[in-house]
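# Secondary and tertiary structure notes
Listed below are the residues making up each chain.
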Amino acid sequence: TEQHNSYHSIIINETMADEDNSTPAASPKAEEEEASSAVAAAVANDAAATAIDETAAAISSITVEDASDEDDKEDEAVPPPPPQEQDKEAVPPPPPAAAHQFNFNLPPAAAAAAGPQLDFANLNAQFLSLLPPCIHPRLDKLTALSEERGKLLEQYLIERAALEQKYNDLMKPLYEKRRDVIAGKCDEEIQKLQSEAPSSSNEQQQQQQQQVKGIPQFWACAMGHIDILAELITEQDVDCLEHLTDITCNDFTDGSGFELHFHFSPNDFFTNEILTKRYEVPNLLTEDEPMLQSVTGTEIHWKTPDQCLTHKTITKKQRKKGGPNAGQVRTIQKTERAESFFHFFTPPKMPELGDVVDEEEADAMEEHFDHDYEVACAVRGSLIPNAVHWFTGEAMEDMMFGDEEDMLEEEGEEEEEDGNGGGFEFNLNVGGGGNGSSPFPPPAAGEGENPECKQN
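Analysis parameters
- Residues numbered from 1 in each chain as written.
- Predicted model: local features only at pLDDT ≥ 70, side-chain atom pairs only at ≥ 80, totals over all residues.
- Heavy atoms only, no water.
- Helix = DSSP H or I, 4+ residues; strand = E, 2+ residues; numbered from the N terminus.
- Buried < 20%, exposed > 50% of the residue type's maximum accessible area, 1.4 Å probe, protein only.
- Areas by Shrake-Rupley, 256 points an atom, 1.4 Å probe, with all protein chains shown as cover.
- Phe/Tyr/Trp six-rings, centres within 6.5 Å; stacked < 30°, edge-to-face > 60°.
- Lys NZ or Arg CZ within 6 Å of the ring centre and 35° of its normal.
- Pairing = 2+ DSSP bridges.
- Axes fitted to C-alpha atoms, helices over the stretch in contact; angles between N-to-C directions.
- Contact = heavy atoms within 4.5 Å.
- Core = buried A, V, L, I, M, F, W, Y, C linked by side-chain atoms within 4.5 Å.
- Expected span 1.5 Å × (residues − 1).
- Bend = angle between axes of the 7 residues up to and from the residue.
- pLDDT = per-residue confidence, 0-100.
- Patch = residues over 30% accessible without salt bridge, like charges linked within 9 Å, V, L, I, M, F, W, Y side chains within 5 Å.
- Salt bridge = Lys/Arg side-chain N within 4 Å of Asp/Glu carboxyl O.
- Lys, Arg positive; Asp, Glu negative; His and termini not counted.
- Charge placed at Lys NZ, Arg CZ, Asp CG, Glu CD.

### Thoughts on the overall build of the protein chain
Broken down by element type, the protein chain carries 15 helices and 10 strands. Out of the 456 residues in the protein chain, the part that is buried amounts to 25%. Of the accessible surface of the protein chain, which amounts to about 31600 Å², a share of 52% is contributed by carbon and sulfur atoms.

Here's what the structure looks like:
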């Protein structure tokens, strides 16, 4: 309206001047057409300015310069032509082409069209279309460098797997010798070496009275000193773990997983000689978070239902309330799950492709798999290589004064509040079928009782 009044005022002034010069005045229709043309031109200029402002507002803060800087600067140096009409507003020049700016956010229309099922290939293409053309060759160069690194990493994993396999083979005879010492096959050899060494008469008398073969409950006690394993072991498991003669680990030659083997001597619980747990982890040798591809356990063949440690049979009596046999009592048996370490050999079932799992069930399953893998890593990386130090408790002291000191102090405070120490107590006086007899000889006079092997 202001522009219309301005142009109308100019026309009136020009008309008055013409009247003074005795020039015939223009018709009212011509004046109206000229004013309308001026208003339309002003509106067009305003629309162009608005469009430029909206374009500038969408530009992000990232600026990339291209090779057209000099040409653009030359274009900027040329002064714009003088306006033909002083009454028209000057249109601001477009942003200089030397500074290309782009918005990394996808347009709202594209994001809305993607819907809940995102088409990542389409979104990536739209994102790349927002970049200046000069950046695309640089991204291709970065992609080529990343592919070269991937090839080197593959070669590294192959060589590392071969190196670990080499030293595992060198350590295998040492683990076999350890198994023989625990089983008592080296007692005479060790006793002979001890007799050749100088010792006091009291020590010689103790050696003559020795009646224990090997190291009873070695693995049960060592496992009881590792928190994540001790929390799985129950009193009923200890008698069975007394027959555990060795624990070994076989890594895959390509470094994509491992197998744990628990070796048992003949016992009254199950017929299996070896219980196996297999883990397929493609990125086992990398520093990335492990990706479990599959976990396979072993079916335990219990000799009798009464000897089963993972489930227990409960007998209940029910009285019929109605019918012709009302008041008759019948006996039913129900099988319930019992806490036991041997559940470790029955891994959680991984969902099949296409299975529908709700969020709560998925979280519980993920937590179960994480805990199961942590137990396996404790056996593979801590218990097997340092079994003797876990048996004596030295490994616990190393952990206490290591990098995890703060974490263990917090756990200790929680255990003190609970009042039970949070650990499992292994009583080595459980041998002899649970009748109280000890696998160890009685202590010498004046030496007190044999200390129990406990987890603090």
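### Some points on the packing of aromatic side chains
Scanning all chains against the criterion turns up 17 aromatic pairs. The structure contains a cluster of three or more aromatic residues connected by ring pairs, namely F262, F264, F270, W302, F341, F342, F344 and F345. The side chain of K277 reaches across the aromatic face of F344, ending 3.6 Å from its centre. It is R380 that lies over the ring of F258; its NZ or CZ is 5.0 Å from the centre.

### Examining the sheet that holds strand β6 (residues 294–296)
With antiparallel pairing, the 4 strands of this open sheet are ordered in space as β3-β4-β5-β6. In the strand order of this sheet, the two ends are held by β3 (244–251) and β6, each with one partner. Put simply, the sheet's adjacent strands are angled 10° from each other on average, direction ignored. Where β3 lies against strand β4 (residues 257–264), 7 bridges are found, and the strand directions are antiparallel. Of the residues in β4, the one forming a bridge with D251 is F258. Together, β3, β4, β5 (274–280) and β6 form the strand contacts of helix α12 (residues 359–383), whose direction differs from that of β4 by roughly 70°.

### Observations concerning the nonpolar core
Counting 49 residues, the largest nonpolar core has I247, F262, F264, F270, F342, F344 and L383 as its most contacted members. The element contributing the most residues to this core is α12, with 8 residues.

### Some remarks on unusual backbone geometry
Positive phi outside glycine occurs at Q217, with the angle close to 55°. Inspection of the secondary structure assignment puts Q217 in the loop between α8 (201–208) and α9 (218–224).

### Thoughts on helix α6 (residues 136–183)
With 48 residues, α6 ought to run about 70 Å at 1.5 Å a step, and its terminal C-alpha atoms sit 67 Å apart, in line with that. Remark: the principal bend of α6, roughly 30°, maps to M171, with a proline, P173, within the next four residues. Burial in α6 covers these residues: A161, R178, D180 and I182. Buried residues in α6 make contact with α9, β3 and α13 (387–392). Remark: G184 follows α6 within two positions and exhibits a positive phi of approximately 90°.

### Description of the confidence of the model for the protein chain
When pLDDT is averaged along the protein chain, the result is 74; 58% of the residues meet or exceed 70. Across residues 17–26, confidence stays below pLDDT 50; counting only partners more than four residues off in sequence or on other chains, it has 4 contacts. Note that residues 59–76 has pLDDT below 50 and, in this model, 30 contacts with residues that lie over four places away or in other chains.

### Let's talk about a nonpolar patch on the surface
A contiguous nonpolar surface patch, about 500 Å² in accessible area, is contributed by L163, Y167, L170, M171 and L174. The residue L170 is located in helix α6 in this model. Given the relative accessible area of 52%, L170 is considered exposed.

### Structural notes on the pattern of salt bridges
This structure, assessed with the given rule, holds 8 salt bridges. Here D180 makes a salt bridge to R179, at a shortest N to O gap of 3.6 Å. Given a relative accessible area of 32%, R179 falls into the partly exposed group. Among the salt bridges present, the one from K277 reaches D372, with a minimum N-O distance of 2.8 Å. In this pair, K277 is assigned in strand β5 and D372 in helix α12, connecting sequence segments 95 residues apart. Neither residue differs from the other here; K277 and D372 are each classed as buried. Through salt bridges with shared partners, a single ionic network connects E259, R278 and E280.

### A word on a negative patch on the surface
A cluster of acidic side chains, namely E287, D288, E289, D358, E359, E360, E361, D363, E366, E367, D370 and E374, defines a negative patch on the protein surface. As for its placement among the helices and strands, E287 is situated in the loop between β5 and β6. Classification of E287 by relative accessible area gives exposed; the value is 74%.

### Here's the deal with the environment of S382
By the element assignment, S382 lies in helix α12. Since its relative accessible area comes to 19%, S382 is described here as buried. In this structure the C-alpha to C-alpha distance between S382 and I226, which are 156 residues apart in sequence, comes to 8.9 Å.

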